[in-house]
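# Observations on the three-dimensional arrangement
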Amino acid sequence: MPRVHRYAQIQEALRQLGAAPYRFQQILEAVFRQHVLQFSAMPALPGRLRTALAEQFGDSLLALRSVQSSQAAQADKHLFALEDGRRIEAVAMRYRAGWHSYCLSTQAGCGFGCRFCATAAMRLQRNLSADEICDQALYFRVQGQPLDSISFMGMGEALANPNLFTALECLTHSRLFALSPRRLTVSTIGLVPAMRQLTEQHPQVNLTFSLHSPFNEQRSQLIPLNRKYPIEDVLDALDAHVAHTHRKVYMAYLLLEGVNDSRQHAAALAERLHARGRQTRLFHVNLLRHNANTFAAERFARPSEAHIHQFRDWLEQTGLKVTVRSSFGDEIQAACGQLHASAQEVVVD
Ligand code: SF4
């Protein structure tokens, strides 16, 4: 799979075809301003160039197609078919303040086996290419939807896919998507080497760590990767991120009734974060409501609203900054941990 995005490949192809450099700008204008995604529909280009590019890249500049969508009050879930028939999902969310946010996938399926997660049941099929990641954003953009913010919290562990880094370059490139890195959020269950790479290469991109338990033994049961990268190692990497970027990092904490929502859990979580010293002021805890799904390896329940707020109060009383996140799209199985591409075709390797 190429580690460069298609726009760099097109630029190189144009050079090899002996086309003038402004031809590349014309293509970018067509895609990103006029929302034209077929070479054959770019009349500014000479016919022989259109034909040569279509022969090399295919006529369409979109490597996926929408095969199904479901709407809820504030969230739309889209099922996309990739060119090899695999299926992935992305969610478009509309906040009441008018903000449009997108949750994109980085892998077809996922191989990390987190016990509460629907995507885990699909197992890892493959990494998405940088183009397949960016094309989810392009799909929404050409429909005229503003890309106010993007999080890589859809299907897959974003940092397990090296193509994510190419996609981030593409999304933030001033001649391409031109998105501010501060509008992008990468979520991870704690892949320490790739977290350090993100700190180095994209320090302005937001980082969210899915913690879910302050106790290593329990976290390893919920998130098996914890056996390889225990909480201390991940917090060390987050310390380094904060020291390098001076930016806030987010601790996602999925509340599971009777599992990780006790006062002891709140106290141990607060103790772990306060133990980081000066860095703690830049740690922000996001409490997530669990969304029931039928695919996860284990069934968990969501605590009552009163208990969720009680848990928040326990943390806030220690001085931590905490937000209870709103849950969008629960009724269409589009909420966090629910993406499964359940309408997918059977694909045999
Ligand atoms: S929670 Fe994330 S890393 Fe874990 S199985 Fe699900 S998609 Fe993969």
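This is a predicted model, so every value here is computed, not measured.

We now examine the site of the ligand. Looking at the ligand, the residues that line it are C110, F112, G113, C114, C117, T119, A120, G156, E157 and I189. When the residues that make up the shell around the ligand are grouped by side-chain class, the tally is six nonpolar, three polar and one charged.

Counting 98 residues, the largest nonpolar core has A137 and L171 as its most contacted members. Per-element tally for this core: the top contributor is helix α4 (residues 130–142), with seven residues. Looking at this core, you find at least three residues from each of domain 1 (6–57) and domain 2 (69–332). Not counting chain neighbours up to four residues away, the residues in contact with A137 comprise Y102, L104, L147, I150, L171 and F177.

Attention now goes to the pairing of strand β9 (residues 206–210). Summarising the sheet, strand β8 (residues 184–188) and β9 pair through four bridges and their orientation is parallel. If you follow T188 over to β9, its bridge partner there is F209.

Let us now look at the sheet that holds strand β12 (residues 321–324). Here ten strands make up an open sheet; going across it, the order is β1-β2-β3-β4-β7-β8-β9-β10-β11-β12 and the pairing mixed. Single-partner strands in this sheet number two, and they are β1 (64–71) and β12. Strand-to-strand, the axes of this sheet are offset by a mean angle of 25°, without reference to chain direction. Here strand β10 (residues 249–255) pairs with strand β11 (residues 283–289) via seven bridges, running parallel.

In this model, H35 sits at a positive phi of 60°, which is unusual for a non-glycine residue. Secondary-structure assignment places H35 in the loop between α2 (22–33) and α3 (47–57). The exposure class of H35 is exposed, given the 12 C-beta atoms found within 10 Å. Residue A178 is not a glycine yet carries a positive backbone phi of 55°. Tracing the backbone shows A178 in the loop between α5 (163–172) and β8.

How each quantity is defined
- Residues numbered from 1 in each chain as written.
- Predicted model: local features only at pLDDT ≥ 70, side-chain atom pairs only at ≥ 80, totals over all residues.
- Near = placed C-beta within 6 Å.
- Nonpolar A, V, L, I, M, F, W, Y, C, P; charged D, E, K, R; others polar.
- Core = buried A, V, L, I, M, F, W, Y, C linked by C-beta atoms within 7 Å.
- Buried ≥ 20, exposed ≤ 12 C-beta atoms within 10 Å, placed from the backbone.
- Helix = DSSP H or I, 4+ residues; strand = E, 2+ residues; numbered from the N terminus.
- Domains from an automatic or database assignment.
- Contact = placed C-beta atoms within 7 Å.
- Pairing = 2+ DSSP bridges.
- Axes fitted to C-alpha atoms, helices over the stretch in contact; angles between N-to-C directions.

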